[in-house]
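The chain contents come next:
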Amino acid sequence: KGYLANIEKKNKTLNALTEVYEQEALAQAAIVQEKINKGNAGRLAGMVVTIKDVYCHEGHFLHCGSKILEGFKSQFTATPIQRLLDEDAIIIGRNNCDEFAMGSSNENSYFGPVKNAANENKVPGGSSGGSAVAVQSDMCLVSIGSDTGGSVRQPASFCGIIGFKPSYGRISRHGLTAYASSFDCVGILSQSVEDSALVLEIIAGADEYDHTVSHLSVPAYSKAPTWSGTFSVVSFDNINTHKALNPAVQSSVNKVFDKIESSGNKIQKLNFDYLNYVLPTYYILTTAEASANLSRFDGVRYGYRSSSAKDLESMYKKSRSEGFGEEVIKRILLGAYVLSEGFYDAYYTKAQKVRRLIRDEMKKLFETNDFIIMPTAPTPAFDLNSHDRDPLQMYLEDIFTVQASLAGLPSISIPNGTDEHGMPIGIQIIGNSFEEEKLLSFSKYLQ
Ligand code: GLN
């Protein structure tokens with residue numbers, strides 16, 4: 001009821017939730033209370049959760065922030081969401097997000113922009129902006145977002161909360177609407193590292209519906225102790241002095257370095273030689289995958305169908321042109337282009353090779369180091385509408401988050417102070433594949 005009251009008070013302005021399951025959540029709470037009384041409640045009993053509008057939840061709307069899915073209801077529940085429900089979590093609503101998770105400011109939603117609760121003239125980041133603001137403003141305890149190239153970490157940084165993207169394949173993607181399948185990760189947004197750890201422990205692990213999910217056993221993440229031993233950290237000079245880096249972000253990174261150095265631990269400062277290639281590689285590969293994944297939205301099988309079509313061909317064309325927003329159309333075109341005959345090898349194949357080089361380079365660093373530390377985003381939250389019509393400036397927001405995504409590595413953003421206007425700034429820690437336990441443990445130490 002407390003969370004519902006907060007939603008009632010704040011959501012009209014912040015627009016973090018596109019749907020609130022008031023009656024359903026209260027009914028579920030009553031069931032959970034009953035179980036608690038009987039002593040047989042699940043491990044998440046009473047945890048109030050929101051889910052990004054990209055997860056299937058049986059019998060509930062699934063819009064992916066798009067007009068093209070208008071009126072569509074899921075026929076099954078995504079594996080991570082089902083696992084939350086099985087442990088008696090309470091789902092209180094669906095989060096607004098950038099259309100099909102494409103964006104860094106949550107301004108690309110058919111349901112309107114989300115506003116940052118720390119300053120309503122600022123964006124919350126994206127694409128899981130609604131999830132971040134719901135946690136930031138106490139509309140729920142935890143939110144399940146998705147992170148393809150930073151969509152959980154960057155909004156967490158902008159909103160002053162934890163944003164956690166585990167290794168690719170740690171959590172089943174069954175029921176998560178695909179954007180770029182070889183990058184997509186289920187991600188967790190919370191106020192504390194402990195809550196993220198507990199939720200990961202519940203939702204991670206093998207699933208017969210996703211053949212890319214790892215069969216590695218799931219450790220007791222919730223029991224990960226605060227890091228206490230020595231460690232060695234890598235940081236990149238060409239990132240820490242990057243021209244896009246805001247001075248407040250720079251000094252917040254330095255604060256972390258001071259803490260590490262004064263504790264007697266080692267920071268190895270290197271240059272990341274592939275830095276100029278991370279964004280082009282990410283945007284070539286993700287748009288290619290998106291153009292294939294989004295071909296299913298054709299006006300026949302899901303949601304919106306144009307009413308002015310004359311024949312089958314024009315029905316496809318008009319439904320897609322009217323149903324998809326500008327950013328999504330741009331990416332489908334770009335993706336179709338890099339996959340087309342004559343350009344495939346020059347763009348797509350080359351980007352695959354560069355992705356491999358980036359991954360190998362990152363993996364090599366973990367042979368002798370425990371963690372990589374860098375800013376989550378080059379800037380704190382920026383003004384609403386300020387990046388309008390400048391896609392390059394918007395894509396630059398992802399420059400520090402796509403690196404871990406290209407390599408499939410686990411990565412977390414934790415709050416690390418504010419700028420001079422009180423806007424939150426996060427710091428990003430990247431760990432080795434499937435070493436989430438270690439990463440969570442270190443996050444508790446650093447925070
Ligand atoms: N901002 C990035 C993009 O638009 C990341 C999105 C995401 O992680 N879903 O592709």
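This structure is a prediction, so every number in the text was calculated from the model and none was measured.

The rules behind these values
- Residues numbered from 1 in each chain as written.
- Predicted model: local features only at pLDDT ≥ 70, side-chain atom pairs only at ≥ 80, totals over all residues.
- Heavy atoms only, no water.
- Near = heavy atom within 4 Å.
- Polar contact = N/O pair within 3.5 Å; in protein donor to acceptor, adjacent residues only side chain to side chain.
- Areas by Shrake-Rupley, 256 points an atom, 1.4 Å probe, with all protein chains shown as cover.
- 1 Å grid on protein atoms, 1.4 Å probe; cavity = no way out; pocket = protein on both sides within 12 Å on 5 of 7 lines; lining within 4 Å.
- Sits in = over half its atoms within 2 Å of the grid points.
- Nonpolar A, V, L, I, M, F, W, Y, C, P; charged D, E, K, R; others polar.
- Helix = DSSP H or I, 4+ residues; strand = E, 2+ residues; numbered from the N terminus.
- Contact = heavy atoms within 4.5 Å.
- Pairing = 2+ DSSP bridges.
- Axes fitted to C-alpha atoms, helices over the stretch in contact; angles between N-to-C directions.
- Buried < 20%, exposed > 50% of the residue type's maximum accessible area, 1.4 Å probe, protein only.

### Brief notes about the site of the ligand
Point 1. Near the ligand you find 15 residues, and of these Thr-148, Gly-149, Ser-151, Tyr-179 and Tyr-282 are the closest.
Point 2. Here a nitrogen atom of the ligand sits 2.8 Å away from a polar atom, N or O, in the main chain of Ala-101.
Point 3. Residue Thr-148 places a main-chain N or O atom 2.8 Å away from an oxygen atom belonging to the ligand.
Point 4. A total of 290 Å² of accessible area belongs to the ligand in isolation, and the protein chains cover 100% of it.
Point 5. The site holding the ligand turns out to be the largest cavity.
Point 6. When the residues that make up the shell around the ligand are grouped by side-chain class, the tally is five nonpolar, seven polar and three charged.

### Topic: the side chain of Asn-116
Point 1. Relative to the helices and strands, Asn-116 is located in the loop between strand E3 (90-95) and helix H4 (129-136).
Point 2. Within the structure, Asn-116 has its side chain in polar contact with the side chain of Gln-136 (distance 2.9 Å).
Point 3. Setting aside residues no more than four positions away along its own chain, Asn-116 makes contact with Leu-14, Lys-122, Val-123, Pro-124, Val-133, Gln-136, Phe-158, Cys-159, Ala-381 and Met-423.

### Digging into the sheet that holds strand E6 (residues 185-190)
Point 1. On the basis of which strands lie adjacent, the open sheet formed by 11 strands has the order E1-E3-E2-E4-E6-E5-E10-E11-E9-E7-E8 and mixed pairing. Looking at strand neighbours, the two that pair on one side only are strand E1 (17-20) and strand E8 (266-270), the edges of this open sheet. Pairs of neighbouring strands in the sheet enclose a mean axial angle of 30°, with direction left out of account.
Point 2. In the sheet, E1 pairs with E3 via three bridges, with the strands oriented antiparallel. For Val-20, the partnering residue across the bridge sits in E3 and is Gly-93.

### A look at H4
Point 1. Buried residues dominate H4, accounting for eight of its eight residues.
Point 2. On its buried side, H4 packs onto helix H1 (2-14), strand E2 (48-52), E3, strand E4 (142-147), helix H5 (153-159) and E6.
Point 3. Downstream of H4 by one or two residues, Asp-138 has phi in the positive range, about 60°.

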